[in-house]
Amino acid sequence: MNLPEIEKKILKFWEKNKIFEKSISQRKGKPFFSFYDGPPFATGQPHYGHILATTIKDAVLRYWTMRGFQVPRRVGWDCHGLPVENLIEKELGIKTKKDIEKIGIKKFNEACKNSVFRYVKEWIATLKRVGRWADYKNAYATMDKEYTESVWWVFKKLYDLGLIYRDFRVTPYCPRCGTPLSNFEVNQPGAYRDIEDQSVYIKFPIKGKANNFFLVWTTTPWTLPGNTALAVGADIKYAKVKVGEERYILAKERLIILNEKYEIEAEILGKDLISFEYEPIFPMALSKPGYRLVSASFVSIEEGTGLVHIAPAFGEEDMELGKQENLPIVVTVDEEGRIKTGLGIPGEGKFVKIADEDIKINLKKRKLLYKEEKIVHSYPFCWRCDTPLLYYPINSWYVAVTKFKTELVKNNQQIHWVPEHLRDGRFGKWLEGARDWAVSRNRFWGAPMPIWQCQIGKNQKPSLAIAGRGGRRGQSPLRSSCGEIKVIGSIEELKRLSGKKPKDLHRPYIDEVTFKCERCGGEMIRTPEVFDCWFESGSMPYAQWHYPFENKLLVGKAFPADFIAEGVDQTRGWFYTLHVLATALTLRDLGLGVARPAYKNVIVNGLILAEDGKKLSKRLCNYTPPEIIFEKFGADTLRYFLLTSTQIGEDYYISDRRIEEVWRRTISTLWHTFLFFQTYTDKNFKPAKNFKPKNLLDCWIMSRLNHLVAQTTKAMDNYELTDGARGIDGFVDDLSNWYIRRSRRRFRKPESGKEKNEAARTLYYILLNLTKLIAPFIPFISEYIYQNLTKNYKLKTVPRTETKFLVRGKNRESVHLCDYPKPEEKLLNIKLEEKMQKIREIVAKVLAKRAESGIKVRQPLNELRITNYELQKEKELLGLLKEEVNIKKITFGKTLKLDTKITQELKEEGIIREIIRNLQEMRKKAGLKPKDKISILYSGDPGLNEIIVKNKKFIIEETLTQNLSLLKSPKKELETGKEIEIDGIKLWLAIRKTYGEPGRKS
Ligand SMILES: [Zn+2]
Ligand SMILES: [Zn+2]
């Protein structure tokens, strides 16, 4: 079987016959199922993580479609932000933001725009290859003018609600990209990495006391010139120790860091150290008093010295403390992360991490470095350009998330999370600790922020990065003398004010749009920042439909989404921003009094790792690319692996071996059951539209299937995708390794026509319903089997009296246009399933006993004693047991016992079975069909011959033989000829296909 080739044909069939489109149009007027697709960046190629999320989305959406819902699926592309900008910078050989300004924003942004869809073809090709059904033609793009207009509308709403403000604050900042990042961008997986860093203990001279020092520890020597205070813990005990001729003050608990012998001279509480002054180690001109000791609650004695170096410009806590203690702010680093020149700081002009070394050497020379160590600690990096991040003071626009944190937490309770623990765990905790969201980026390629500001107030704008003077932190231009702020919510509004309608909303065009200040007549100019691209993707429920300018009804119907799905990293990304914006907008704007979430159900998948638990890495070549997996095992195999190998939410361990196992165990087994059906039914076979199964095995498999239908439906209704998909595997195993194996004989005997029909009818019913059941998970193989079943066989209706059930629903053009099967209550038989389970348990025990005594299953044995009196009357079931374990008679007693005595008669029967098995294999090898007849040629031991003659009738029946010929010696020229050995006796066997009546030569 060549699944990949079949899949490609099916893809063509779907495309040509517009099956996806039909799956939506045929549900017109039916209940609406809303799905939001998280827009990926098409600037990079899709990888396994995307394939996983897309498989989950596709399976769930196909399921709800078959359940009778109308499920439109629009994809979207994330176009803006650092991923694109970084790519273009690399290609244009640009190293800094200033270089971009040199070549011009126009040229730069055009290059960005042209590369946004660079890999969109590859993306669509990959998604389609996985079998993902979606409307690719009408995709939305976050850079569209209409999209941006809706983003403006969202922002303006928040502004009007008093949820937007501007502040001068220390934020995570990428010096290479020259922009602040939000706290959740810094929490993206992989942002924090363990690195080796400098760790130094510095001596701060105590003012007026020669040879007396405060001992201070830091891992960022470059922040030392920005130091304006030292913090102690008020209740921490400090010690003054004598070391040689010098005296140090540090926490008593931290004396362990001292290298030499010391002598404690005094003990002092932290609060008694407050207001002590010290000599700055890099003196700067201060705007107000600094270089003194203050107390802070965050000081700990777990590491360092219990004295914390405070540089308000370079730490969030430092800045907070600075505001509280009225400390001066000294910014000694420029916006590109380099030490400012002209301030007398060692390493000036160098990037801070490099200047660390210069500063250290300088302090060493001045004997202010007590000791240095290398430490490994986790440090954040820019998620896009890999530059170490700094904490840096900058003016940014914020969404006041903390103002509606309680509502965020409460609103989250309405969301059904899979796995459930995320609701109050990872996501819930994240919401409880939510911070205000920095939404402005000092960049170029993004949706422009719709904020215009009066230039009259411009001079009073807080000045950034003025060393020695400090900014007017917290003082927003909103409060300065004019500095009028106007936030624009639509293109129309902008046109009304400026008289211009910009063709393109991107920079630099939008920057050219100015208008008069309504308050003072000054010139209103746009603030240069662009939006954080997460603000844009979080606005997609409204912006993808250009709401509220268009599609009001549609958005009303589609909000909130019934379902979304992405990776676990999105708990601090898209899941979060969707939730923040929806909560703010619904709570405040709709005046409902209760907030509504943006999505009702969310499936969150874990990461995909290599088999050894490492990240997939192109460099390490520790995984096989998806294209190759598709070609080797088919998309269905990969899909089923992703859907079943791991509980939703856990991490995946991917390897060819594991995928191949899924192929062998499930996909190939399923395929072979279908092949079996095809092989053993001829063209005249007419499946019954309705009939009443009588045979016990038939009843059993019917019950099993209907149970599975009920279980799968329940799991899928609850979005428990793993449980939904996993049941199929066990069923396919039961179907192949019990139902078909134990029914083989019924299929094989053409002469007992009635019996054969019943087995085939049953298998037809099972396969037909199974294809519908598995269609959402493995859409290709199910389609293939369904097409064959419905096109090659015509349904026949049998008289009502025989009816127990109906094959539900009409045959459709595609399995994906069918309704999902419903469990047939009438066919459920729990008692039978339980009894069958018992029989199979006994089988396992007997097989183990046979293995213990070294007797093959092919060797018949006389008697088996079992303890299950409840089965005494179950003749049919006991018959199955006898056949399966090859036993003549079953008796009942207290203990399970297998009679292992092999009589001459049993031995002969064993030999015959061995011969038959070999003949069956030869038939298979020769490519014979079940109905093809053969003649057997054999030659060997006279004793064996006697046995064969005695059992001639049985052999003929079992192998569809017309005649048996004993030869004096083997005919070596016969291709099928083969010498076998049974119990040490040699026998030569060969078969020949025969035609017509017995005795006629072929
Ligand atoms: Zn960066
Ligand atoms: Zn003004």
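Model, not experiment: these values are computed from the prediction. (Residues numbered from 1 in each chain as written. Chains lettered and ligands numbered in written order. Predicted model: local features only at pLDDT ≥ 70, side-chain atom pairs only at ≥ 80, totals over all residues. Heavy atoms only, no water.)

### Here's the deal with the overall build of the protein
And step 1. Each helix and strand in the protein was counted, giving 30 helices and 35 strands.
And step 2. At 39 Å, the protein has a C-alpha radius of gyration far larger than the 30 Å of a compact globule built from 1002 residues.
And step 3. Seen along its three principal axes, the alpha-carbon backbone of the protein occupies a region of about 120 × 80 × 55 Å.
And step 4. The proportion of buried residues among the 1002 residues of the protein is 57%.
And step 5. For the protein, contacts bridging at least 24 residues in sequence account for 79% of all contacts bridging at least 6.
And step 6. In the form shown here, the protein has an accessible surface area of approximately 44,100 Å², with 49% of it arising from carbon and sulfur atoms.
And step 7. Averaging the coordinates of the 170 positive side-chain charges in the protein and doing the same for the 127 negative ones gives two points 6 Å apart. (Helix = DSSP H or I, 4+ residues; strand = E, 2+ residues; numbered from the N terminus. Rg over C-alpha atoms; globule rule 2.2 N^0.38 Å. Buried < 20%, exposed > 50% of the residue type's maximum accessible area, 1.4 Å probe, protein only. Contact = heavy atoms within 4.5 Å. Areas by Shrake-Rupley, 256 points an atom, 1.4 Å probe, with all protein chains shown as cover. Lys, Arg positive; Asp, Glu negative; His and termini not counted. Charge placed at Lys NZ, Arg CZ, Asp CG, Glu CD.)

### Concerning the coordination of the zinc ion (ligand 1)
And step 1. Donor atoms from the polypeptide that coordinate the zinc ion (ligand 1) comprise Cys174 (SG), Cys177 (SG), Cys382 (SG) and Cys385 (SG), at 2.2 to 2.4 Å from the metal.
And step 2. One way to put it: the four donor atoms around the zinc ion (ligand 1) meet at angles of 104 to 120°, and that makes the site tetrahedral.
And step 3. Each donor residue of the zinc ion (ligand 1) lies on one chain, and together they are spaced C-x2-C-x204-C-x2-C. Placement of the pair is cysteine 177 in the loop between strand S3 (164-174) and strand S4 (179-180) and cysteine 385 in the loop between strand S13 (369-380) and strand S14 (390-399), with a sequence separation of 208 residues.
And step 4. Residue classification places cysteine 385 among the buried positions, given a relative accessible area of 18%. (Donors = N, O, S within 2.8 Å, 3.2 Å for Na, K, Ca; no water. Tetrahedral: all angles 85-135°; square planar, octahedral: opposite > 155°, others 65-115°.)

### Here we look at the sheet that holds strand S34 (residues 978-982)
And step 1. The four strands are arranged S33-S32-S35-S34 in an open sheet whose pairing can be described as mixed. Two strands in the sheet have a free side with no partner beyond their single neighbour: strand S33 (961-966) and S34. Taken over all neighbouring pairs, the strand axes of this sheet differ in orientation by 30° on average, direction set aside.
And step 2. Pairing of strand S32 (residues 933-940) with strand S35 (residues 985-994), which is carried by eight bridges, proceeds in the antiparallel orientation. Paired with serine 939 across the strands is tryptophan 988, a residue of S35.
And step 3. Across the sheet, helix H28 (residues 904-925) is in contact with S32, S34 and S35; its angle to S35 comes to roughly 45°.
And step 4. The sheet strands contacting helix H30 (residues 952-959) are S32 and S33, and the helix crosses S33 at an angle near 130°. (Pairing = 2+ DSSP bridges. Axes fitted to C-alpha atoms, helices over the stretch in contact; angles between N-to-C directions.)

### Section: the pairing of S14
And step 1. Buried residues dominate S14, accounting for nine of its ten residues.
And step 2. Summarising the sheet, S3 and S14 pair through ten bridges and their orientation is antiparallel. Looking at the pairing, aspartate 167 lines up with serine 396 of S14.
And step 3. As judged from the two bridges shared by S14 and strand S16 (residues 437-438), these two strands associate in the antiparallel manner. Along S16, the bridge assignment pairs valine 399 with tryptophan 437.

### Examining H30
And step 1. For H30, the full list of buried residues reads Ile955, Glu958 and Thr959. Burial along H30 is one-sided: seen end-on, the buried residues are contained in an arc of 80°.
And step 2. Of the residues trailing H30, leucine 960 is marked for its positive phi of about 55°. (Arc of directions from axis to C-beta.)

### Examining the side chain of serine 539
And step 1. Within the fold, serine 539 resides in the loop between helix H15 (533-538) and helix H16 (540-543).
And step 2. Accessibility expressed as a relative area gives 0% for serine 539, which makes it buried.
And step 3. Residues contacting serine 539, with those up to four places away along its chain left out, are Tyr147, Val151, Val154 and Leu581.

### So, the packing of helix H20 (residues 635-644) against helix H23 (residues 721-748)
And step 1. Across the interface, H20 lies against H23 with an axial gap of 8 Å and an inter-helix angle of 125°. In terms of axis orientation, H20 runs oblique to H23. Taken together, the residues of H23 that come into contact with H20 (itself represented by Tyr640, Leu643 and Thr644) are Leu721, Thr722, Ala725, Arg726, Ile728 and Asp729.
And step 2. Residue classes in the contact of H20 with H23 are distributed as five nonpolar, two polar and two charged. (Parallel < 35°, antiparallel > 145°, perpendicular 65-115°, else oblique. Nonpolar A, V, L, I, M, F, W, Y, C, P; charged D, E, K, R; others polar.)

### Here we look at the nonpolar core
And step 1. Counting residues in each nonpolar core, the largest one holds 117 residues, and the members touching the most others are Phe563, Ile603, Leu638, Leu721, Phe777 and Leu881.
And step 2. If one sorts the elements of this core by residue count, helix H24 (residues 753-774) sits on top with eleven residues.
And step 3. Among residues more than four places away in sequence, those in contact with isoleucine 603 are Ile56, Val60, Val418, Phe563, Ile564, Ala565, Glu566, Phe575, Ile648, Tyr719 and Leu721.
And step 4. With 70 residues, the next largest nonpolar core counts Phe41, Phe184, Trp417 and Phe559 among its residues. (Core = buried A, V, L, I, M, F, W, Y, C linked by side-chain atoms within 4.5 Å.)

### Here's the deal with the sheet that holds S3
And step 1. Strand order across the open sheet formed by four strands is S4-S3-S14-S16, with antiparallel pairing between neighbours. This sheet does not close on itself; its edge strands, each paired only once, are S4 and S16.

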